[in-house]
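Observations on the three-dimensional arrangement
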Amino acid sequence: QQENQTKEEQIQAEQEAENNLNELILILLLAYGLSLKRIRSILAQVFGRFEAQTSLELMKYNRLQNVTQWIMDDLNEAHKQNKKALKSGLLDLYQKVYQDTASILKVNALDIGKKEINEIIQSKITDLSLNDRLERMRRRSLLSLKQQLIKGIKAGDTFEKLSQRIKQSIDQDARKIRTIARTEAHRLINQAKMDVANQSFDPRLLKVWDGTLDNRIRPAHMHLDGTAIPIYSNFISMNGGYGPAPGMMHNASDDVNCRCVLRFALAGQ
């Protein structure tokens, strides 16, 4: 009965963490959506002023350069907002999972400060920190936007066609930030669980790989499903990953978009 209660508590905590992550992702997507709306407004004003001669007129007097800069500045601000929101959201998520796990496992866990959590958030994966990945995304995003804008103007695009070019570019940003957020949150959730479990003095405590058993699960992770090992041991994936928990396998083919869950159980129960 105690084992079933502990499992139910873990599932409930996981659902709450997932809800918090979904709310964070909505905030991130909203920033790009609002930027796209403002960019379309800028373009509408330009096309409204010059109408059929928009492409020709923008090639004069540095107009294209100025319009491009206004638009890039707007999207750049959205990137800055999302960087701040993502880091703050991940910190809150880690704290919640850490506290919930300590309560579920009945561990008197040490207090962990924001500075230490931020260091965990910025842990390098394949030689890149979260800041590095967000900066790389920002640079590529702005370059893509600039290229699409200039290409569309020079091709004589209508307002609708140019707006679609810009939308496709920003939609790509939205997909990328969603992937980054989910991958980072998944890693941090399991890191928080491990940080608590490592403070447990119960020798019976095991960690269990719980796979999301649907048609999207990796075969290697289906193979790991149900594997129970001691807290200080590592899971080994057929994909080449080796690590303490899902999302922490030090291998992109195991970690990116992984949805598997780390749970705990007691040996012999």
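Throughout this document, residue positions are counted from 1 along each chain, in the order its sequence is written. Local features in this predicted model are restricted to residues of pLDDT 70 or higher, and side-chain atom pairs are both shown and tallied only at a pLDDT of 80 or more, whereas totals for entire chains, interfaces and linings draw on every residue. Side-chain measures were taken over the full set of non-hydrogen atoms in the model, leaving aside hydrogen atoms and water.

**What to know about the overall build of the chain**
So the rule is basically this: Comment: elements are numbered from the N terminus, with helices defined as DSSP H or I runs of at least four residues and strands as E runs of at least two. Only the C-alpha atoms count toward the radius of gyration. The rule for a globule is 2.2 Å times the residue count to the power 0.38. Classification of residues uses two cut-offs on accessible area relative to the type maximum, computed with a 1.4 Å probe and protein chains only: under 20% is buried, over 50% is exposed, and between them is partly exposed.
In terms of regular secondary structure, the chain is built from eight helices and five strands. Listed N to C, the secondary structure of the chain is α-α-α-α-α-α-β-α-β-β-β-α-β in terms of helices and strands. The C-alpha atoms of the chain give 23 Å as radius of gyration, which overshoots the globular expectation for 269 residues (18 Å, by more than 25%). Along the longest, intermediate and shortest principal axes, the C-alpha atoms of the chain span 80 × 35 × 35 Å. Relative to its full complement of 269 residues, the chain shows a buried share of 47%.

**Observations regarding the nonpolar core**
To keep it simple, the criterion reads: Side-chain atoms within 4.5 Å link the members of a nonpolar core, which is a set of buried Ala, Val, Leu, Ile, Met, Phe, Trp, Tyr and Cys residues. By definition in these notes, contact holds between two residues if any of their heavy atoms fall within 4.5 Å.
Residues L43, I71, L75, L86, L105 and I166 are the most contacted members of the largest nonpolar core, which totals 72 residues. A total of 16 residues in this core trace back to one element, the largest contributor, which is helix α3 (residues 63–105). Apart from residues no more than four positions distant in its own chain, I71 is found in contact with I39, I42, L43, L145 and L149.

**Things to note about the pairing of strand β1 (residues 205–210)**
Note on strand geometry: in a regular strand, side chains alternate between the two faces of the sheet. Filter applied, for reference: Whether two strands pair comes down to DSSP finding at least two bridges between them.
Where β1 and strand β5 (residues 261–266) come together, six bridges link them in antiparallel fashion. Following the sheet pairing, L205 is matched in β5 by L266. By the bridge criterion, three bridges tie β1 to strand β2 (residues 228–230) in an arrangement that is antiparallel. Residue pairing in the sheet places L206 in a bridge with P230 of β2.

**A look at the packing of aromatic side chains**
This is how it is decided: Two rings from Phe, Tyr or Trp (for Trp, the six-membered ring) form a pair when their centres are within 6.5 Å of each other. A pair whose planes differ by under 30 degrees is stacked, one over 60 is edge-to-face, and the rest are tilted.
On inspection of all chains with the given rule, the structure shows three aromatic pairs. A ring pair is formed by F47 and F159, whose centres lie 5.8 Å apart and whose planes are at 70 degrees; its orientation type is edge-to-face. Of this pair, F47 sits in helix α1 (residues 2–50) while F159 is found in helix α6 (residues 159–197), placing the two residues 112 residues apart along the sequence. F47 gets classed as buried once you look at its relative accessible area, which sits at 12%.

**Observations regarding a positive patch on the surface**
This is how it is decided: Within this analysis, patches are made of residues with over 30% relative accessible area and no salt bridge. Like charges are joined at 9 Å or less; nonpolar side chains (Val, Leu, Ile, Met, Phe, Trp, Tyr) at 5 Å or less. For the area figures, the Shrake-Rupley method with a 1.4 Å probe applies, and any residue is considered shielded solely by the protein chains shown. A carboxyl oxygen of Asp or Glu within 4 Å of a side-chain nitrogen of Lys or Arg is what we treat as a salt bridge. Only four residue types enter the charge count: Lys and Arg as positive, Asp and Glu as negative, with His and the chain ends excluded. In plain terms, the charge of a residue is placed at NZ if it is Lys, CZ if Arg, CG if Asp and CD if Glu.
Together, R136, R140, R175, K176 and R178 line one region of the surface with positive charge. Those elements giving two or more residues to the positive patch turn out to be α5 (130–154) and α6. Element by element, the count of residues in the positive patch is highest for α6, at three residues. Note on placement: K176 falls in helix α6.

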